[in-house]
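In case you want the letters, here they are:
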Amino acid sequence: MRFSVYPQNEDAARACFDEHGFRPLRVEGETNGLVTLVFPALPAKELHALVMAAPVHLSAKVGVVVGDRAPFSPANPNGS
């Protein structure tokens, strides 16, 4: 999971995740000025807990990708 915030919200977002026992693997700066907290791949149950812990009110953008396909790819690789 990747969670993007404005720089001024990074500490608050980290604190929310920390409260639930989640820490990012790394933090990336984006060219558009956002900060992205990158979390490890997790089994479904843990991923659900991570998503539920996400402080959406601090998010600069929202997108959830599950599985090993490219983001926003169709369920069927043939597009149908």
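The following paragraphs examine the structure supplied in this document. Predicted model only: the values in this text are computed from it and were never measured. (Residues numbered from 1 in each chain as written. Predicted model: local features only at pLDDT ≥ 70, side-chain atom pairs only at ≥ 80, totals over all residues. Heavy atoms only, no water.)

### Describing helix 1 (residues 10-19)
Line of reasoning, step 1. Regarding helix 1, the residues found buried are Glu10, Ala13 and Phe17. Burial along helix 1 is one-sided: seen end-on, the buried residues are contained in an arc of 70°. Residues of helix 1 that are exposed and angled more than 90 degrees away from the buried face: Asp11 and Glu19.
Line of reasoning, step 2. Close packing links the buried residues of helix 1 with strand 1 (2-5), strand 2 (26-29), strand 3 (35-38) and helix 2 (44-53).
Line of reasoning, step 3. At the exit of helix 1 stands Gly21, carrying a positive phi of roughly 80°. (Buried < 20%, exposed > 50% of the residue type's maximum accessible area, 1.4 Å probe, protein only. Helix = DSSP H or I, 4+ residues; strand = E, 2+ residues; numbered from the N terminus. Arc of directions from axis to C-beta. Contact = heavy atoms within 4.5 Å.)

### Quick look at the pairing of strand 3
It is a general feature of regular strands that their side chains alternate between the two faces of the sheet.
Line of reasoning, step 1. Burial along strand 3 is two-sided: Val35 and Leu37 facing one way and Thr36 and Val38 facing the other are all buried.
Line of reasoning, step 2. The sheet contact formed by strand 1 and strand 3 spans 4 bridges and is antiparallel. Within the sheet, the bridge partner assigned to Arg2 lies in strand 3 and is Val38.
Line of reasoning, step 3. Counting the residues between successive antiparallel strands, the hairpin from strand 2 to strand 3 contains 5 residues, one of them, Gly33, with a positive phi of roughly 90°. (Pairing = 2+ DSSP bridges.)

### Description of the sheet that holds strand 2
Line of reasoning, step 1. If you trace the 3 strands from one edge of the open sheet to the other, you get 1-3-2, paired in antiparallel fashion. Edge positions in the sheet fall to strand 1 and strand 2, since each has one partner strand and no second. Each strand axis lies, on average, 25° off the axis of its neighbour in the sheet, ignoring direction.
Line of reasoning, step 2. On the sheet, helix 1 packs against strand 1, strand 2 and strand 3 and is oriented at approximately 15° with respect to strand 3. (Axes fitted to C-alpha atoms, helices over the stretch in contact; angles between N-to-C directions.)

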